[in-house]
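Chain and residue survey
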4 protein chains.
Amino acid sequence: MSGIATVTAALKSQQIETPSWGFGNSGTRFKVFAQPGVPRDPFEKLADAARVHAVTGVAPAVSLHIPWDEVDDYAALAAHAADVGVRIGMINSNTFQDDDYKLGSVAHPDAKVRRKAVDHLLHCVDIMDATGSDSLKLWFADGTNYPGQDDIAARQDRLAEALSEVYARLGDRQRLVLEYKLFEPAFYTTDIPDWGTAYAHCLKLGPKAKVVVDTGHHAPGVNIEFIVAVLLREDRLGAFDFNSRFYADDDLMVGAADPFQLFRILHAVSLGGGFDPANDVAFMLDQCHNIEPKIPAMIRSVMNVQEATAKALLVDVDALRAAQLAGDVLGANAVLMDAYNTDVRPLLAELRQEMGLDPDPLAAYHASGYAEKIAAERVGGTQAGWGA
Amino acid sequence: MSGIATVTAALKSQQIETPSWGFGNSGTRFKVFAQPGVPRDPFEKLADAARVHAVTGVAPAVSLHIPWDEVDDYAALAAHAADVGVRIGMINSNTFQDDDYKLGSVAHPDAKVRRKAVDHLLHCVDIMDATGSDSLKLWFADGTNYPGQDDIAARQDRLAEALSEVYARLGDRQRLVLEYKLFEPAFYTTDIPDWGTAYAHCLKLGPKAKVVVDTGHHAPGVNIEFIVAVLLREDRLGAFDFNSRFYADDDLMVGAADPFQLFRILHAVSLGGGFDPANDVAFMLDQCHNIEPKIPAMIRSVMNVQEATAKALLVDVDALRAAQLAGDVLGANAVLMDAYNTDVRPLLAELRQEMGLDPDPLAAYHASGYAEKIAAERVGGTQAGWGA
Amino acid sequence: MSGIATVTAALKSQQIETPSWGFGNSGTRFKVFAQPGVPRDPFEKLADAARVHAVTGVAPAVSLHIPWDEVDDYAALAAHAADVGVRIGMINSNTFQDDDYKLGSVAHPDAKVRRKAVDHLLHCVDIMDATGSDSLKLWFADGTNYPGQDDIAARQDRLAEALSEVYARLGDRQRLVLEYKLFEPAFYTTDIPDWGTAYAHCLKLGPKAKVVVDTGHHAPGVNIEFIVAVLLREDRLGAFDFNSRFYADDDLMVGAADPFQLFRILHAVSLGGGFDPANDVAFMLDQCHNIEPKIPAMIRSVMNVQEATAKALLVDVDALRAAQLAGDVLGANAVLMDAYNTDVRPLLAELRQEMGLDPDPLAAYHASGYAEKIAAERVGGTQAGWGA
Amino acid sequence: MSGIATVTAALKSQQIETPSWGFGNSGTRFKVFAQPGVPRDPFEKLADAARVHAVTGVAPAVSLHIPWDEVDDYAALAAHAADVGVRIGMINSNTFQDDDYKLGSVAHPDAKVRRKAVDHLLHCVDIMDATGSDSLKLWFADGTNYPGQDDIAARQDRLAEALSEVYARLGDRQRLVLEYKLFEPAFYTTDIPDWGTAYAHCLKLGPKAKVVVDTGHHAPGVNIEFIVAVLLREDRLGAFDFNSRFYADDDLMVGAADPFQLFRILHAVSLGGGFDPANDVAFMLDQCHNIEPKIPAMIRSVMNVQEATAKALLVDVDALRAAQLAGDVLGANAVLMDAYNTDVRPLLAELRQEMGLDPDPLAAYHASGYAEKIAAERVGGTQAGWGA
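The rules behind the values
Residues numbered from 1 in each chain as written. Chains lettered and ligands numbered in written order. Predicted model: local features only at pLDDT ≥ 70, side-chain atom pairs only at ≥ 80, totals over all residues. Heavy atoms only, no water. Contact = heavy atoms within 4.5 Å. Buried area = accessible area lost by both parts, 1.4 Å probe. Salt bridge = Lys/Arg side-chain N within 4 Å of Asp/Glu carboxyl O. UniProt positions renumbered as here; feature names shortened; annotations may be inferred. Helix = DSSP H or I, 4+ residues; strand = E, 2+ residues; numbered from the N terminus. Least-squares fit on C-alpha atoms with pLDDT ≥ 70 in both. Pairing = 2+ DSSP bridges. Axes fitted to C-alpha atoms, helices over the stretch in contact; angles between N-to-C directions. Buried < 20%, exposed > 50% of the residue type's maximum accessible area, 1.4 Å probe, protein only. Polar contact = N/O pair within 3.5 Å; in protein donor to acceptor, adjacent residues only side chain to side chain. Nonpolar A, V, L, I, M, F, W, Y, C, P; charged D, E, K, R; others polar. Arc of directions from axis to C-beta. Left-handed = near helix turned anticlockwise from the far one by under 90°.

As annotated in an unreviewed UniProt entry, chain A carries the name L-rhamnose isomerase and comes from Catenulispora subtropica.

Okay, here's the thing in structure tokens:
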């Protein structure tokens with residue numbers, strides 16, 4: 001294939017996973033603002049996610065969050081997903097919203113709480129079995145708020161033990177991906193604060209354990225593309241949680257705060273082979289749309305990832321390598337910037353038309369009347385949200 | 001008076017204001033953990049605050065948050081405060097929890113929302129009149145989440161207009177104190193993100209407008225004691241909101257994360273005359289006790305401020321000045337560290353005994369049975385909390 | 001004029017000032033790497049700056065740094081500038097490289113050192129008189145390394161006194177611009193750490209004192225475009241020092257680390273009227289080219305500012321305002337991103353051709369043989385650099 | 001032994017290593033300020049280090065930096081060390097001050113430069129053989145300044161290859177310790193930016209490779225004691241480089257910026273067995289005394305580590321564990337703070353007297369006349385410094 005054909009083919013095969021909870025209400029500790037038409041159950045969330053896929057063509061998988069998306073019949077949920085044109089993606093465990101988890105879950109000082117948490121994780125694997133999901137995504141809110149509150153190393157021991165039990169339960173075609181986060185909700189220590197800690201645990205677990213990079217979970221100044229390059233080199237990059245931050249874990253739409261960083265990250269993915277489906281890197285959105293409408297925000301985010309991916313794929317890698325090896329600092333930088341400065345929107349519009357889609361996904365969504373429809377229909381009941 | 005007598009006198013006259021909302025449930029966007037015995041109304045909050053004062057002797061004022069502490073009869077509330085041994089301190093406005101405020105309050109693009117917000121602020125001044133409070137404390141959650149969302153300068157114009165109307169309403173013995181915050185809940189711009197912005201607005205308002213320094217509201221690395229020194233030099237330091245942070249606005253107990261910083265801040269207060277009651281600097285706690293019991297956490301915080309104040313007052317200022325003027329870097333630093341490294345707990349224990357208090361406030365509180373009493377009595381009703 | 005004609009006209013009239021020291025060797029505390037062809041005196045620096053202007057057409061002014069650029073005959077230096085096609089821009093004072101300045105300059109505890117520093121500043125105004133420069137640019141390395149080392153407020157007093165004396169010396173058509181910096185070389189306090197401090201001093205000095213925003217001088221997360229908007233609203237934005245940072249004051253080429261931030265800053269300039277020559281905002285580069293060739297790096301930086309300016313000018317302000325006033329978060333953001341995502345390089349290439357320039361300034365420079373010429377000619381003597 | 005006897009014994013056996021370069025001139029990129037009496041060669045550096053040990057009793061080892069401390073006869077240098085009462089500690093490699101290293105050393109794109117760098121590292125092992133040093137301390141200034149400048153993963157490959165060759169050269173009783181640093185002098189990527197990268201390389205090298213934690217080399221907010229606890233749990237903590245920071249890698253005296261953090265770090269060392277000599281954790285100072293006198297600053301730093309160690313050892317671990325396991329957040333924190341708030345200076349004064357030392361090391365140093373002696377004697381020659 002020609003260069004551009006390769007780019008086009010890669011873009012067509014790209015899969016960006018959307019999070020079920022991204023369609024529910026969310027907010028800050030100060031306020032959750034409710035929005036009209038927000039889903040009231042996992043089935044409605046899947047319907048919304050399906051709309052994102054319908055207009056973008058590259059968002060066929062939907063992550064679930066348990067227990068937020070707990071249902072009686074997971075086979076029925078998976079069937080519903082298929083009906084509306086998507087499939088169940090990763091299963092996200094949630095061990096932070098019961099009162100028992102005030103001081104942690106898998107790293108809690110009390111063995112009873114740890115048992116409860118591990119049982120929940122095992123239940124999530126059951127859901128994977130029932131839905132066909134192949135990935136258990138683990139993020140723990142575990143940590144401490146005050147120096148001395150608990151023993152850092154002891155918590156690592158407990159965490160390792162829990163992970164080990166869950167890992168052993170995974171089937172042959174299942175894996176776990178482990179997320180790290182610098183802080184929040186814990187404000188002194190977090191039990192997996194950085195990629196190094198996640199990586200060290202994954203190494204001990206085995207090849208089916210990989211690291212999740214959430215783009216909002218780092219200290220100021222941390223170079224995320226470096227982490228991505230290193231994890232790919234170690235074959236330990238499992239997934240992305242994409243979002244944007246200016247300050248902390250702001251969870252804004254991906255590409256909204258630093259589109260050049262997103263491009264650099266995807267350039268690292270490209271160089272490291274991460275777009276090769278064989279590498280099994282999941283590209284997931286994990287955002288809180290606190291003040292903007294949910295579905296359009298998700299569409300915009302998918303488009304932002306697409307645009308950054310297109311730019312990353314357009315980098316003239318041969319010219320880049322040549323400049324790098326020649327020690328041509330400005331020349332190498334210029335090769336990278338040439339791709340970044342390209343306006344890829346026409347290319348993506350064309351691509352969508354080739355895929356039978358409207359070249360402008362947001363316009364297509366707005367024209368569809370879906371927003372008005374769900375606002376009218378979804379009255380009564382309890383809107384889904386963080387904690388609901 | 002001798003040096004130590006001066007220190008002791010200053011410590012006895014110190015007043016640390018507690019926040020009514022610090023006795024209610026609080027948490028993060030992930031979860032609010034409920035605690036037994038949490039107050040269900042402003043009267044119960046005042047009762048709890050009174051217990052903190054009873055065992056520490058230096059916490060006689062209680063800040064209210066409106067509408068969280070809205071009552072029908074403010075005179076009755078003030079009388080209740082007096083009955084239990086405290087008084088109403090600053091009135092904190094809250095213009096961030098109505099759905100109308102999704103895109104801001106006083107800086108909202110819609111004039112109707114701004115009107116509503118200003119009316120609320122004027123209502124807060126009414127409450128000041130009714131309760132005898134002399135300070136209106138203004139913090140605005142206003143800001144934007146995305147580049148382009150609104151016009152930065154236009155928002156400043158709206159903010160200035162609102163502040164001006166409120167300032168004009170203040171009585172002779174009333175003032176407003178204006179708080180700044182780098183981010184959260186807004187994640188791109190905050191309309192008053194730093195002391196410079198708050199200061200510029202106060203300058204234009206007049207002498208009854210001063211700046212609030214919340215110790216958790218700065219970017220990483222910002223030198224807070226510098227700001228305190230500059231604001232005192234400009235006679236524009238109105239109040240502190242004390243709390244601790246490791247990362248963002250973590251709102252941990254003051255002195256828990258960086259006791260040396262707290263000492264340096266109080267040393268700047270000391271040098272700048274801020275402990276002089278004539279300067280009218282309010283020393284307020286503003287914390288979220290997410291996982292620790294409320295009242296003991298508040299007592300501990302009061303003690304932490306006391307200990308840091310004692311150390312700050314113990315600095316040998318003459319020796320310090322001499323070393324500074326001599327350019328003796330290590331000598332000047334050593335003078336400061338000598339005070340910091342002193343264990344002031346015996347001094348404070350003695351001081352409490354002189355004041356007729358138990359030398360150990362936490363032990364006294366635990367021995368009082370109050371925690372058990374409120375846990376037993378305060379069943380039914382809705383626990384107070386952020387938003388309640 | 002049509003919209004695009006307005007944009008083109010603004011771009012043609014843009015003036016980006018280059019720093020004389022940006023053509024000399026620079027580095028970190030670990031190492032200064034020498035480069036071939038680096039200037040050995042201010043005349044050679046001006047010659048290099050003239051090459052940047054020759055290929056870009058928008059860099060006609062050159063900042064000097066005193067004493068680095070001290071010469072016997074400033075009129076001759078100004079004449080040389082005119083000969084090679086540029087002019088003398090701002091005069092930058094340097095009071096940080098004499099042994100006397102170890103503990104500061106204008107804020108030093110010793111009055112003799114302060115006197116020496118102020119005399120240097122007055123000498124800089126003499127140079128302004130001699131060269132026709134209209135701006136004195138003040139950055140002070142003053143600060144402290146250790147808590148207690150010196151008195152924060154006393155240093156403010158000394159600083160204010162020094163500034164006042166210098167301000168009084170300014171002629172009618174002269175002004176001073178005051179720079180702030182969070183840290184470095186001082187590592188505990190900096191005497192002007194933030195825009196608020198610089199602004200407060202300028203207010204007291206008078207209308208001829210304005211603030212300099214160096215894009216590398218902020219704490220992590222600080223929103224620079226907010227500061228720019230506020231300073232323009234207050235008519236106190238005097239100049240930019242453009243460069244890029246990932247971590248601290250990295251002084252990389254402008255636009256290299258976060259091109260979207262540069263665009264947002266220039267969008268704030270555009271909205272605030274800062275591109276209007278009447279506002280007298282100076283757009284200066286202040287960078288250290290530690291490992292990349294000096295002149296091409298400067299050309300690239302000029303181009304980066306041009307591209308970001310073009311995008312900022314292309315924002316559809318009417319559509320933006322409409323979306324903002326409607327509270328359309330995603331719509332307003334989309335208007336801004338449309339401009340940012342535009343590839344403006346063809347527009348700028350065309351503009352250069354209209355100005356009689358090569359559409360590709362870097363190619364023109366490389367083809368000129370200038371780099372080879374100066375590498376051959378400038379042997380012997382001492383290369384200019386930080387401190388030389 | 002009783003509790004206090006255990007503490008005392010541990011403090012007496014503590015060894016704090018001083019860096020030879022800490023006695024030479026240092027500064028920032030803006031200026032290096034020369035000081036009277038600064039050593040002119042490695043022999044004089046050792047003499048100064050010996051004075052620090054003479055008055056503190058706990059600083060018997062001195063790190064060398066090669067080539068700064070290159071001598072013809074290393075056996076003679078080691079003998080000189082013994083003569084003055086100290087010994088050669090770790091050998092620090094320096095591959096960042098030749099012009100060849102502009103784009104890196106062991107990760108440079110050019111194989112010739114890499115060869116040169118590795119040869120230097122092997123030379124350092126020769127010096128270990130000659131001096132009896134048992135540790136090679138590796139810090140690389142390698143990295144890039146611009147996106148695209150070089151390939152992140154390729155640089156990791158080159159780094160791994162270099163480390164592997166050096167590791168193979170180590171003798172049975174020798175080891176290497178690998179340092180990480182977030183940024184500086186490289187301003188976009190650093191080839192070993194975090195503990196995770198250093199750890200991953202060490203894992204592949206083998207048991208004789210461990211990680212160095214420099215307390216100034218982290219992003220804002222990173223929890224260093226967490227890293228220490230994890231590395232001790234993994235048996236991969238090799239050494240500390242102690243210093244203080246408020247902003248970046250400020251290299252202030254240890255304990256000067258955040259004494260509570262230093263205490264927490266040493267508490268983690270204590271809990272993890274790091275004070276056990278069998279664990280072979282080196283406690284080294286690595287500071288730049290830019291404006292303060294070198295030897296007193298080093299004495300003060302040694303004392304600061306001692307005081308923090310004493311506090312860490314005084315923690316009532318049984319009470320701490322009990323509170324932690326009971327989930328008593330405030331109680332556990334209080335146990336830790338009790339130790340921190342203790343004034344340990346009397347304990348250390350007594351300890352020094354038991355060791356036959358003056359209870360006040362700084363007073364003893366000042367009384368010794370050594371400062372005056374070296375200022376008088378060390379005239380002529382070139383003062384040692386960074387790069388000399």
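It is common to give the size of an interface as the accessible area lost on bringing the parts into contact. Listed by partner, the interface residues are 42 residues for chain A and 42 residues for chain B. Of the roughly 4,000 Å² buried where chain A meets chain B, counting both sides, 64% is carbon and sulfur surface. Contact with chain B buries area across many residues of chain A, yet R29, F30 and Y146 of chain A alone supply 22% of it, more than any other trio. At the junction of chain A and chain B, the tally comes to eight salt bridges. When the shortest N-O distance is used, the salt bridge between R29 of chain A and D251 of chain B registers 2.9 Å.

Residues annotated in UniProt with the feature "domain: Xylose isomerase-like TIM barrel" (unreviewed entry) correspond here to residues 66-250 of chain A. Secondary structure within residues 66-250 of chain A divides into 38% helix and 18% strand; the distance between the first and last C-alpha atoms comes to 22 Å.

We now examine the relation of the copies chain A and chain B. Expressed as a screw transformation, the operator carrying chain A onto chain B has a rotation angle of 180° and an axial translation of 0.0 Å, and the superposed copies differ by an RMSD of 0.0 Å. Given the turn and translation reported, the copies of this chain are related as if by a two-fold rotation axis. Closest to the rotation axis within chain A is the C-alpha of R29 of chain A, separated from it by 2.1 Å. A symmetric contact is evident, with 100% of the interface residues of chain A recurring at the interface of chain B.

This next bit is on the sheet that holds strand β2 (residues 61-66) of chain B. Residue and element names in this part refer to chain B. One closed barrel holds the eight strands; their spatial order is β1-β2-β3-β4-β6-β8-β9-β10, and the pairing between them is parallel. The mean inter-strand angle of the sheet, taken between neighbouring strand axes irrespective of direction, is 30°. Pairing geometry for strand β1 (residues 16-19) and strand β10 (residues 282-285), over two bridges, is parallel. The residue bridging E17 from the neighbouring strand is M284, located in β10. Across the face of the sheet, helix α5 (residues 152-169) comes into contact with β4 (135-138), β6 (175-179) and β8 (209-214) while running at roughly 150° to β6.

Checked against the element boundaries, F96 of chain C lands in the loop between β3 (87-93) and α4 (111-131). Contact partners of F96 of chain C, with chain neighbours within four places excluded, come to H65, W68, Y101, W139 and A141 of chain C together with F30, K31 and F33 of chain D.

Here we take up the side chain of N243 of chain B. All names here are of chain B. Within the element layout of this structure, N243 appears in the loop between β9 (237-242) and α8 (259-271). Taking the relative accessible area as the measure of exposure, N243 reaches 5% and is therefore buried. A distance of 3.3 Å separates the side chain of N243 from the backbone nitrogen of G216, its partner in a polar contact. Polar side-chain contacts of N243 include one of 2.8 Å to the backbone oxygen of D286.

On the chain C side, the residues contacting the 43 residues of chain D number 42 residues. Connecting chain D to chain C are eight salt bridges. Our count for the chain D to chain C interface comes out at 18 residue pairs in polar contact (both at pLDDT 80 or more). Of the residues belonging to the side of chain D that touches chain C, the class tally is 24 nonpolar, eight polar and 11 charged.

The next thing to look at is helix α10 (residues 317-325) of chain B. The α-helix advances 3.6 residues per turn, and as a result positions three or four apart in sequence lie on the same side. Residues and elements named next belong to chain B. Among the residues of α10, L320, A323 and Q324 are the ones counted as buried. Buried residues of α10, viewed axially, fall in a sector of 100°; they line one side. In α10, the exposed residues that point more than 90 degrees away from the buried face are D318 and L325. Looking one or two residues beyond α10, the residue adopting positive phi is G327, at roughly 70°.

Right, let's talk about the packing of helix α8 (residues 259-271) of chain D against helix α11 (residues 329-341) of chain D for a bit. Residue and element names in this part refer to chain D. Running from N to C, α8 and α11 cross one another at 115°; their axes reach a closest spacing of 11 Å. Where α8 crosses over α11, the two elements pack in a sense that is right-handed. For the pair formed by α8 and α11, the contact residues are P259, F260, F263 and H267 on the first element and L336, M337, A339 and Y340 on the second. Per-class residue counts for the contact of α8 with α11 are seven nonpolar, one polar and no charged.

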